[in-house]
Amino acid sequence: MHRLDHKRLMRESTDRVHSALYSANPDEQLVASRLLESPSAFRTWESEHSGLMLEVANPSLRRTQAALLKNATFRLIHRKALFEYLRDERIRGSVRRRIIVHFHPAQDYTRSVIAEHGLYLRKACSFLCTSHVGGNVVRDAGFFDPMRCYQQLYAEYFQIFCSTHFGTDSADAQPQVELLPLLKHQLEEFRTAIMNPQPETDWLMREAELRQPTGDTARLPRLDGFQRKP
């Protein structure tokens, strides 16, 4: 298909953010409503996302737009992982402070928390946009199950990284640390296969199916002092 220009990429993106208000997915509704209810937050997102789409639209780059969109989507997955981890694992107290200080060493703690939340909203909305453009406009299958599986695996990697580096000492810490190189290698394999889809990488789809929760999967131990509400 023809290369999408910057104007088309931004139109598709803003339409996707607005459509998220009516999504069946409550997380999509929430990030879109939080962004759209604040004119200043929306302007900041629009400026950042415009820069991202300029990279994708750049005709001087030899890489296909699908590849550029995939690279952008990987970066968005990585950048929003911190807030998602703190939210999903309900990390509070001193553990949360240690994590925030680690990732924002030069900033005041309270300001860092506020900034991280705002950044998450912007990156989450941009993730909706790049996923939509890549999957539904460019029509690259890599933006569906393979990318979802990559995101799930990266969340697992990030959870183990934080629990082993910022949690309390426990008998489970060492086995989890040993998982990190394996997960990192798997992430690299997924990324390579998504960027360069070949018939011999069909294992990605099977892997995605195998990684779906079955109800019997044991969760990793949580950080000390925190439990998820039933």
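Predicted, not measured: the structure shown is a model, and the values here were computed from it. Throughout, residues of each chain are indexed from 1 in the direction in which the sequence is written. Given that this is a predicted model, residues contribute local features only at a pLDDT of at least 70 and side-chain atom pairs are listed and counted only at 80 or more, while totals for whole chains, interfaces and linings are drawn from all residues. Here the side-chain values reflect all heavy atoms present in the structure, with hydrogen atoms and water set aside.

(A) Here's a closer look at the nonpolar core. Note on terminology: a nonpolar core comprises buried Ala, Val, Leu, Ile, Met, Phe, Trp, Tyr and Cys residues joined through side-chain atoms within 4.5 Å. For every residue, the accessible area (1.4 Å probe, protein chains only) is compared with the maximum for its type, and the residue is labelled buried under 20%, exposed over 50%, or partly exposed between those bounds. Core analysis: the biggest nonpolar cluster contains 45 residues, and Ile-99, Tyr-150 and Tyr-154 have the highest contact counts within it. Numbered from the N terminus, helices here are DSSP runs of H or I no shorter than four residues, and strands are runs of E no shorter than two. Elements with a minimum of two residues in this core: helix H1 (6–20), helix H3 (39–57), helix H4 (65–88), helix H5 (93–103), helix H6 (109–137), helix H7 (145–166) and helix H8 (173–195). Sorting elements by how many residues they give to this core places H4 first, with 12 residues. For Tyr-150, the residues in contact, after removing those within four places along its chain, are Phe-74, Ile-77, His-78, Leu-187, Phe-190, Arg-191 and Ile-194. Judged by nonpolar contacts, the second largest core, of 14 residues, contains Trp-45, Phe-83, Leu-121 and Cys-129. Contacts: residue pairs with any heavy atoms within 4.5 Å of one another.

(B) Quick look at the environment of His-18. Position of His-18 among the secondary structure elements: in helix H1. According to the relative accessible area criterion, His-18 is partly exposed, its value standing at 38%.

(C) Local environment of the pattern of salt bridges. Each reported salt bridge corresponds to a side-chain nitrogen of Lys or Arg within 4 Å of a carboxyl oxygen of Asp or Glu. Summed over all chains, the structure comprises 10 salt bridges. Where Arg-75 meets Glu-55, a salt bridge forms, and the shortest distance between an N and an O atom there is 3.2 Å. Here Arg-75, found in helix H4, pairs with Glu-55, found in helix H3; they are 20 residues apart in sequence, far enough to count as distant. The exposure class assigned to Glu-55 is partly exposed, which follows from its relative accessible area of 41%. One salt bridge connects Glu-84 with Lys-80, and the closest N-O pair in it is separated by 2.6 Å. Here the residue Glu-84 and the residue Lys-80 both occupy positions in helix H4, the gap between them amounting to 4 residues, near one helical turn.

(D) Region of interest: the packing of H1 against helix H2 (residues 26–36). In this description, a line fitted to the C-alpha atoms serves as the axis of each element, helices being fitted only across the stretch in contact, and the angle between N-to-C directions of two axes falls anywhere from 0 to 180 degrees. Put simply, H1 and H2 touch, their axes get as near as 7 Å, and they point 115° apart. Considering their axes alone, H1 and H2 lie roughly perpendicular with respect to each other. Contacts between H1 and H2 involve Arg-16, Val-17, His-18 and Ala-20 on the former and, on the latter, Glu-28, Gln-29, Ala-32, Leu-35 and Leu-36. Gly falls in the polar group here, along with every residue not listed as nonpolar (Ala, Val, Leu, Ile, Met, Phe, Trp, Tyr, Cys, Pro) or charged (Asp, Glu, Lys, Arg). In terms of residue class, the contact of H1 with H2 is built from 5 nonpolar, 2 polar and 2 charged. These descriptions rest on fixed angle ranges, namely under 35 degrees for roughly parallel, over 145 for roughly antiparallel, 65 to 115 for roughly perpendicular, and the rest for oblique.

(E) The arrangement of the packing of H4 against H5 in detail. Running from amino to carboxyl end, H4 crosses H5 at an angle of 175°, the nearest separation of the two axes being 12 Å. As judged from the angle between their axes, H4 and H5 are roughly antiparallel. Contacts between H4 and H5 involve Leu-82, Tyr-85 and Leu-86 from the first element and Arg-96, Ile-99, Ile-100 and Phe-103 from the second. Partitioning the contact of H4 with H5 into residue classes produces 6 nonpolar, no polar and 1 charged.

(F) Local environment of unusual backbone geometry. A positive phi angle is found at Arg-90, which is not glycine, with a value near 50°. On the secondary structure map, Arg-90 appears in the loop between H4 and H5. For Arg-90, a relative accessible area of 32% translates into the label partly exposed. The phi dihedral of Arg-139 is positive, around 65°, even though this residue is not glycine. Summarising the element assignment, Arg-139 is placed in the loop between H6 and H7.

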